[in-house]
Amino acid sequence: MTTCTGTCVDVQGGKEETNDEEPSTSVTKNLKEAVKRKYDEDYIKHGFSWCGDETAPRPQCIICGDQLSNESMVPSKLKRYLYSSHPSCANKDKQYFKSA
Ligand SMILES: [Zn+2]
């Protein structure tokens with residue numbers, strides 16, 4: 001039928017540059033928007049409640065009412081705050097803070 005009688009295999013020879021998967025550089029970089037951190041009930045044990053916007057809550061110190069930024073909504077930072085600002089409360093458990 002056609003001219004493909006065995007020689008057509010040669011066509012594959014020179015064209016191997018079909019590997020254009022999209023270079024995912026610019027796309028992924030733009031995704032680095034600030035992530036909003038959510039309050040976790042567990043943070044109460046670090047002496048923190050929250051206030052402000054539910055989509056970007058801000059940790060609020062139960063002891064003195066201080067408000068931290070949403071970026072500080074991580075256990076390590078809450079803990080550090082508690083230890084440095086209220087060392088006397090650092091060893092209290094969550095029951096203490098819940099009733100505070
Ligand atoms: Zn405080």
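Residues numbered from 1 in each chain as written. Predicted model: local features only at pLDDT ≥ 70, side-chain atom pairs only at ≥ 80, totals over all residues.

Thoughts on the overall build of the protein
Turning to step 1, where the next piece is worked out: Helix and strand counts for the protein come out as three helices and two strands.
Turning to step 2, where the next piece is worked out: When the 100 residues of the protein are sorted by exposure, 14% land in the buried category. (Helix = DSSP H or I, 4+ residues; strand = E, 2+ residues; numbered from the N terminus. Buried ≥ 20, exposed ≤ 12 C-beta atoms within 10 Å, placed from the backbone.)

Topic: the environment of Lys94
Turning to step 1, where the next piece is worked out: Locating Lys94 in the fold gives a position in helix 3 (residues 94-98).
Turning to step 2, where the next piece is worked out: Distance in space between the C-alpha atoms of Lys94 and Phe48 is 9.6 Å, their sequence separation being 46 residues.
Turning to step 3, where the next piece is worked out: Contact partners of Lys94, with chain neighbours within four places excluded, come to Ile44 and Lys45. (Contact = placed C-beta atoms within 7 Å.)

Digging into the pairing of strand 2 (residues 58-61)
Turning to step 1, where the next piece is worked out: Pairing geometry for strand 1 (residues 48-51) and strand 2, over four bridges, is antiparallel. Residue pairing for strand 2: Phe48 is matched across the bridge by Cys61.
Turning to step 2, where the next piece is worked out: Linking strand 1 back to strand 2 in an antiparallel pair, the connection comprises six residues, with Gly52 at a positive phi of about 85°. (Pairing = 2+ DSSP bridges.)

So, the environment of Arg80
Turning to step 1, where the next piece is worked out: Locating Arg80 in the fold gives a position in helix 2 (residues 75-85).
Turning to step 2, where the next piece is worked out: Taking the C-alpha atoms as reference points, Arg80 and His46, separated by 34 residues in sequence, lie 9.0 Å from one another.

Looking at the environment of Cys64
Turning to step 1, where the next piece is worked out: Along the polypeptide, Cys64 turns up in the loop between strand 2 and helix 2.
Turning to step 2, where the next piece is worked out: Look at Cys64 and you get exposed, because 10 C-beta atoms sit within 10 Å.
Turning to step 3, where the next piece is worked out: Each C-alpha atom, one on Cys64 and one on Gly47, is 9.8 Å from the other, the two residues being 17 residues apart in sequence.

Considering the confidence of the model for the protein
For residues with low pLDDT, the predicted coordinates do not support detailed interpretation.
Turning to step 1, where the next piece is worked out: When the pLDDT values of the protein are averaged, the result is 83; 67% of them are 70 or greater.
Turning to step 2, where the next piece is worked out: When pLDDT is averaged over each helix and strand of the protein, the minimum, 53, is found for helix 1 (residues 25-30) and the maximum, 98, for strand 2. (pLDDT = per-residue confidence, 0-100.)

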